Each structure stands twice: as C-alpha cells, then as structure tokens.
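So the chains spell out like this:
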Amino acid sequence: MAHIHSYETRLALAEALADAVSETLNAAVAERGAASLAVSGGSTPKLFFDVLSKRVLPWDRITVTLVDERFVPPESDRSNHQLVATHLLKDKAADANFVPLFHADKTAEEAATIASQETCGIDEPFDVVILGMGTDGHTASFFPGGDNLAEALDAASTRGVMTMRAQGAGEPRLTFTFSALRDARLLALHIEGAEKKQVLDTALGDGPEEDMPIRAALRRAQTPLTIFWAP
Ligand SMILES: O=C1O[C@H](COP(=O)(O)O)[C@@H](O)[C@H](O)[C@H]1O
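An unreviewed UniProt entry lists the protein chain under the name 6-phosphogluconolactonase, with Allorhizobium borbori given as the organism. Regarding the protein chain, the UniProt comment filed under Function (unreviewed entry) reads as follows: "Hydrolysis of 6-phosphogluconolactone to 6-phosphogluconate." Of the protein chain, the UniProt comment under Pathway (unreviewed entry) reads exactly: "Carbohydrate degradation; pentose phosphate pathway; D-ribulose 5-phosphate from D-glucose 6-phosphate (oxidative stage): step 2/3."

As structure tokens, this is what we get:
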C-alpha cells in the first residue's frame, strides 16, 4: 500500500523529503554507526539535493550511491553521477562517501559487475532509496521493453547492479535490481507535475507490470512506498 503526500510547492516537497531522509539517516547512524542513501537521477531531484546538501548530518558516516546510471562518463550532462556531484555532494554533504556505478574503459556489463562488487560492502538493506519515475512508467532503469526487465524485476534475482537496454532509454543503463531496492528502510518515490501524477494514477490501476515497471514498486515493495508529489 503506497502513501501519497502532496505539497503545494516543489520547495515544500524538497524540505519534507529532506526531513524524512534526514530522520532515517540519523537513526541509522545512531543505531549502526553508518547509513546508506541510494538516489535517482534525471531532472527532478535537483532542488531536493540542494536542500538535503545543507542539512547537518553525520555525512562522513553516510554512503551515497545511485539507484541507476546512464552509461556515460561523469563529464556528460546526462550523467546521474554528475547531477549528484553538482547538487548533493557539496556544502555539509561534501563529506559523504560516494560510490558510483559507471566505470570508464569497461563495457556496460563489466561496469555492472564492478559496481555490484563495490556496492556489496554497503549494509543491506539500504537505509534510504529514492526512486524517480519517467512518463513512460519506468523507475530506476526498469524500462518498458528493456532487454533485462524480467530479471531486474524478479524479487528472487541477486541483489546488485545489472545492465538494461531499451528503446526509450537512450544509452545503455546500469541499474540496481528491484530485489536490492524494495526493502529499503525508507522507500520513497519523488515525482513532480500534473503529467507524472496522471502517469501515477494510471500505474495504480490494473495492467501488466512490464508496461509500467513502477508498478513493481507500487505492488510488490517490501517497504510501503511513500510518494512525494508537488505540481
Ligand atoms: O532516466 C532516468 O529517468 C528517471 C526520471 O527522470 P526525470 O528526469 O523524469 O526526473 C530517473 O528516476 C532515473 O534515475 C533516470 O536515470
């Protein structure tokens, strides 16, 4: 069952999401001495990242990674790594430990293997996972028509990073499997705008998961999905 929180402005959403994330990360560090945060890329998270980067948190105990990545170097404007480096890993959050998924001079498959190895040291489950959603109903890099979609969405798949190629994805992708994301202590979906609200409403209706992979998170996440929306 998903919980939907609606805000009047995108800034109000960013502050509320930063509050929820901060609370979970602080609790994790207090209980276990370390915390993890897996974030999405794209265009939506910029303001939220700017707000979160200013929060006073034990950032040197917090590991940040990506839910998914486009297979492009960090210098590319399409890189989710670049987005996080520019908008999140600054101010107070500059002390966070960042684990990227992209690796240069490797194939996407080799990079996925390396990323799985480098992220397997992060305690399971993730403390916080923040998903985004495209207007095609993709989340992470679970794209409709993706070549590895069935395996990526299979809850029995190994936790880790795998590749995804799909017509709507542009470049090849690296993505954590659904099994690695679905049990985060805080599992959030951050979406903005009327169009994405309409896509969400459609996804909440009947229909195959493969057509709108966000349905996996809405229907089968172990942790109830908390949805943050603003116009
Ligand atoms: O390609 C991606 O798109 C989604 C949604 O991005 P947005 O630009 O519509 O906010 C994002 O969640 C994902 O991480 C990214 O790789």
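(A) View of the UniProt feature "domain: Glucosamine/galactosamine-6-phosphate isomerase" (unreviewed entry) in the protein chain. The residues that UniProt annotates with the feature "domain: Glucosamine/galactosamine-6-phosphate isomerase" (unreviewed entry) are residues 10-220. Annotation note: span residues 10-220, helix share 36%, strand share 17%, distance between end C-alpha atoms 28 Å.

(B) Here's a closer look at the sheet that holds strand β8 (residues 173-176). Pairing is antiparallel in the open sheet, where 3 strands are placed in the order β4-β8-β7. The sheet is open, and its two borders are formed by β4 (68-70) and β7 (161-164), each paired with just one other strand. Each adjacent strand pair in this sheet contributes to an overall mean axis angle of 20°, direction not counted. Of the strand pairs in this sheet, β4 and β8 are connected by 3 bridges, and their pairing is antiparallel. Paired with R70 across the two strands is R173, which belongs to β8.

Rules of the game
Residues numbered from 1 in each chain as written. Predicted model: local features only at pLDDT ≥ 70, side-chain atom pairs only at ≥ 80, totals over all residues. Heavy atoms only, no water. UniProt positions renumbered as here; feature names shortened; annotations may be inferred. Helix = DSSP H or I, 4+ residues; strand = E, 2+ residues; numbered from the N terminus. Pairing = 2+ DSSP bridges. Axes fitted to C-alpha atoms, helices over the stretch in contact; angles between N-to-C directions.

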